[in-house]
Amino acid sequence: MKSETFPEELADALVGIQRLIRRRLRRGLALPRLRGAEVELLRLVESRPGIGISDAAKELYLASNSVSTLVNQLAKDGYLLRETDPADRRAARLLLTEAAEKRLADWQRRRADLVVSHVSRLDEADRAALEAALPALRKLAVTLHEEAEES
């Protein structure tokens, strides 16, 4: 590593970028804002329709009762459907509603537009450096995910 402060600087930069993106996306939003954990759960259900609450909790590294609370709120708000699992009548399978699909698509479009507008302001060398860093950042995410699964 180039410097002793690199790990802290990297973590601070990633957290800062994520926080600023969230804040910018909240601006001008007519709908009540969704909390980060709610968006994460909706994105997980989008990628894995029919996922159960306990599997969602494991994937998100949250307690099952926390995910149940999120599910209850999102169902009340019209974003999630709970279907009974035919294999286990006590378990629920989660599905997005049409309103959630539209909201996520809008969020993804607005996020992409925001990032594109700011990345385009960087010079070519910085844009190339960010693009070159993506594989390493993805590998970092995988190792963090694997470590979380082991503990």
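The following paragraphs examine the structure supplied in this document. Everything quoted here is computed from the prediction, not taken from an experiment. (Residues numbered from 1 in each chain as written. Predicted model: local features only at pLDDT ≥ 70, side-chain atom pairs only at ≥ 80, totals over all residues. Heavy atoms only, no water.)

Thoughts on the overall build of the chain
Of the regular secondary structure elements, the chain holds 6 helices and 2 strands. Helices and strands in the chain line up, N terminus first, as α-α-α-α-β-β-α-α. When its C-alpha atoms are laid out on the principal axes, the chain stretches across 55 × 40 × 20 Å. Here the chain holds 151 residues, and the buried ones make up 22% of them. When contacts within the chain are restricted to residue pairs at least 6 apart in sequence, long-range pairs at least 24 apart make up 53% of them. (Helix = DSSP H or I, 4+ residues; strand = E, 2+ residues; numbered from the N terminus. Buried < 20%, exposed > 50% of the residue type's maximum accessible area, 1.4 Å probe, protein only. Contact = heavy atoms within 4.5 Å.)

Re the nonpolar core
The biggest cluster of nonpolar side chains holds 25 residues, and the ones touching the most others in it are Leu41, Leu42 and Leu80. When residues of this core are assigned to their parent elements, the largest contribution, 5 residues, is made by helix H2 (residues 36–47). Among all residues touching Leu41, those that are not within four sequence positions of it are Ala56, Leu60, Val67, Leu70, Val71, Leu74 and Leu80. (Core = buried A, V, L, I, M, F, W, Y, C linked by side-chain atoms within 4.5 Å.)

Focus on unusual backbone geometry
With the exception of glycine, the majority of residues adopt a negative phi angle, and the majority of peptide bonds are in the trans configuration. Although it is not a glycine, Tyr61 sits at a positive phi angle of roughly 60°. Among the structural elements, Tyr61 can be located in the loop between helix H3 (53–60) and helix H4 (64–76).

Observations regarding the environment of Gly16
With respect to the element layout, Gly16 can be found in helix H1 (residues 6–26). The class for Gly16 is buried, based on a relative accessible area of 13%. Each C-alpha atom, one on Gly16 and one on Arg48, is 28 Å from the other, the two residues being 32 residues apart in sequence.

Purely geometric numbers; function is a separate question.
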